[in-house]
Amino acid sequence: MEETAPYASQPGDSRGRLHAESLSSFRSPWQRDRDRIIHSSAFRRLKHKTQVFVEREGEHYRGDYFRTRLTHTIEVAQVARTIAGALGLNTDLAEAVALAHDLGHPPFGHTGEDALSVLMAPYGGFDHNAQALRIVTRLERHYAGFDGLNLTWETLEGIAKHNGPVAPPYPYALAEVNADWDLELATHASAEAQVAAVADDIAYNHHDLHDGLRAKLFTEDDLAELPIIGPALAEVDRAYPGLDPKRRRYEALRRVFGVMVEDVIAVARLRLGALRPQSVDEIRAADGPVIRFSKPLYQGIKAVKSFLFTRMYRAPAILAERSQATSMLDELFPALLGDPSRLPPEWREAALDAQDGAERARLVLDYVAGMTDRYAVTEWERVCGSGAS
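Quantities reported herein were computed from a predicted structural model and do not represent experimental measurements.

Rules of the game
- Residues numbered from 1 in each chain as written.
- Predicted model: local features only at pLDDT ≥ 70, side-chain atom pairs only at ≥ 80, totals over all residues.
- Heavy atoms only, no water.
- Helix = DSSP H or I, 4+ residues; strand = E, 2+ residues; numbered from the N terminus.
- Rg over C-alpha atoms; globule rule 2.2 N^0.38 Å.
- Buried < 20%, exposed > 50% of the residue type's maximum accessible area, 1.4 Å probe, protein only.
- Contact = heavy atoms within 4.5 Å.
- Arc of directions from axis to C-beta.
- Lys, Arg positive; Asp, Glu negative; His and termini not counted.
- Salt bridge = Lys/Arg side-chain N within 4 Å of Asp/Glu carboxyl O.
- Polar contact = N/O pair within 3.5 Å; in protein donor to acceptor, adjacent residues only side chain to side chain.
- Axes fitted to C-alpha atoms, helices over the stretch in contact; angles between N-to-C directions.
- Parallel < 35°, antiparallel > 145°, perpendicular 65-115°, else oblique.
- Left-handed = near helix turned anticlockwise from the far one by under 90°.
- Phe/Tyr/Trp six-rings, centres within 6.5 Å; stacked < 30°, edge-to-face > 60°.
- Lys NZ or Arg CZ within 6 Å of the ring centre and 35° of its normal.
- Patch = residues over 30% accessible without salt bridge, like charges linked within 9 Å, V, L, I, M, F, W, Y side chains within 5 Å.
- Areas by Shrake-Rupley, 256 points an atom, 1.4 Å probe, with all protein chains shown as cover.
- Charge placed at Lys NZ, Arg CZ, Asp CG, Glu CD.

## Structural notes on the overall build of the chain
A tally of helices and strands in the chain yields 18 helices and zero strands. Relative to the globule expectation of 21 Å for 389 residues, the C-alpha radius of gyration of the chain, 22 Å, shows essentially globular dimensions. Taking the principal axes of the C-alpha coordinates as reference, the chain spans close to 65 × 50 × 35 Å. Out of the 389 residues belonging to the chain, those deemed buried represent 55%. Considering only intrachain contacts with a sequence separation of at least 6, the fraction spanning at least 24 residues in the chain is 72%.

What follows is the structure, encoded as structure tokens:
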């Protein structure tokens, strides 16, 4: 077993599971959580849920190359293990939180989340982190003794607050889970969960640059004007004059990736050295996150994000896709809510038996949010399009 720092989460100190289970003879609690997440239905569906590009065939920049939620999640988990290992943290817990962090995302990326947030506003709202908790505590139904995956308290805590403390009012899905088991939402999460959050930032900033270049939404010359990326391109040009453009791109962006990872590790070591925490609870009680970027690099990342927002996330082709996806959800969700008999049999009975409008809306939301991009299009065509009766 790897040696960890005193402020790392210790498997022997885990607060356990809501439903008691015997310990595994060969896996730690968080290895077991990781394995349950990987084998869940929600994890498999990430394969066909997209980040930025909606999964449609025939477009000039479409194809299997672009990141999906699944490939993004794998990248986040890899970064999280690397950083956690360098800091003496529990790599299994960091990996488990990273693997679960996007389970609650609906179809069509952030576009789908924005659309469902509006549609669910009268019924308690929609938040993908809260929905991830709902999935792992209620909606996965494979085990004989409980609904959900029965994950440990530490993994649930990490899903709930890897981005920091959560202030009320809580999304209903989070409130339900927290009522069953207090996740101490006013405090920071473990350092391992904080690592998962920063790994998420590193992964999507890195791969959105790759995907945007691949889609020809901008060029390397555009990126040369940006902090972090410009110096990386210049370094590659000095080391490899006249390098093939594709190799030049990869070499530069892997340096950008390395700069972000090394910065987080260096800042965390300074922060931990100053705080000298002797337990994970001291990490939770700290006056701020212990895992974060340095201020100079954070400012550089903000400039990169601003560039991506303008040139990628608000590119005309992407906005057209966003509009189409929003229109589909704006039609599909109310149609199913208004006539639950059109739901598949495994969802229909519960929706028809719902006690009130909010309960029914939340059941419809669970169905729609769980869809892949492809399935959402198919259901929209069945319920609202040419296949509608």
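## Considering helix α18 (residues 373-383)
Turning to α18, its buried residues are D373, A376, V377, E379 and V383. Axial view of α18: buried residues confined to an arc of 165°, hence all on one face. Residues of α18 that are buried sit in contact with α15 (316-338) and α17 (357-369).

## Observations regarding the side chain of K49
Locating K49 in the fold gives a position in the loop between α2 (41-45) and α3 (69-86). Buried within the structure, K49 lacks any salt-bridge partner; D373 is the closest side chain of opposite charge, at an N-O distance of 7.2 Å. There is a polar contact of 2.6 Å between the side chain of K49 and the backbone oxygen of H105. When near neighbours in sequence (up to four residues on either side) are disregarded, K49 contacts T68, R69, H105, P106, A369, G370, M371, T372 and D373.

## Description of unusual backbone geometry
Backbone torsion omega between P168 and P169 reads 0°, so that peptide bond is classified as cis. Inspection of the secondary structure assignment puts P169 in the loop between α7 (153-161) and α8 (172-180). Residues other than glycine seldom take positive phi values, yet F108 does so here, at roughly 70°. Locating F108 in the fold gives a position in the loop between α4 (91-100) and α5 (109-119). Given a relative accessible area of 2%, F108 falls into the buried group. Positive phi is not limited to glycine here, since K216 has a value of about 60°. Positionally, K216 belongs in the loop between α9 (191-214) and α10 (220-223).

## Some points on the packing of α4 against α7
At a minimum axis distance of 9 Å, the contact between α4 and α7 shows a crossing angle of 50°. On the basis of the axis angle, α4 is oblique to α7. For the element pair α4 and α7, the recorded crossing hand is right-handed. Facing L93, A96, V97 and A100 of α4, the residues of α7 in contact are E154, T155, G158 and I159.

## Let's talk about the packing of aromatic side chains
As enumerated under the stated definition, the model contains four aromatic pairs in all. Ring centres of Y143 and F146 lie 5.1 Å apart, and the angle between their planes is 25°; on these two criteria the pair is classed as stacked. Owing to a relative accessible area of 11%, F146 belongs among the buried residues under this scheme. Between F218 and F307, the aromatic rings sit 5.1 Å apart at their centres with planes inclined by 70°, giving edge-to-face as the arrangement. Placement of the pair is F218 in the loop between α9 and α10 and F307 in helix α14 (residues 295-313), with a sequence separation of 89 residues. For the pair shown, F218 and F307 are each scored as buried. Joined through ring pairs, the aromatic side chains of W347, Y367 and Y375 make up one cluster. Note that R362 overlies the ring of Y172, its terminal NZ or CZ placed 3.9 Å from the centroid.

## Regarding the environment of H206
Residue placement: H206 occurs in helix α9. By relative accessible area, H206 is classed as buried at 10%. The sequence separation of H206 and F257 amounts to 51 residues, and the corresponding C-alpha distance is 6.2 Å. Those residues within four positions of H206 in sequence are excluded, and the remaining contacts are L253, R254, F257 and M260. At a separation of 3.4 Å, a polar atom in the side chain of H206 contacts the main-chain carbonyl oxygen of L253.

## With respect to a negative patch on the surface
The grouping of E349, D353, D356 and E359 at the surface amounts to a negative patch. Relative to the elements of secondary structure, E349 occurs in helix α16 (residues 345-352). For E349, a relative accessible area of 58% gives the class exposed.

## Describing the pattern of salt bridges
Inspection of every chain in the model, using the stated rule, returns 28 salt bridges. Across the pair R81 and E95 runs a salt bridge whose closest N-O atoms are separated by 2.7 Å. Taken together, the residues R81 in helix α3 and E95 in helix α4 connect sequence positions 14 residues apart. You can call R81 partly exposed: its relative accessible area is 31%. Look at E95 and you get buried, because its relative accessible area is 14%. If you follow the salt bridges from partner to partner, you end up with R15, E157, K161, E184, D281 and R284 in one network.

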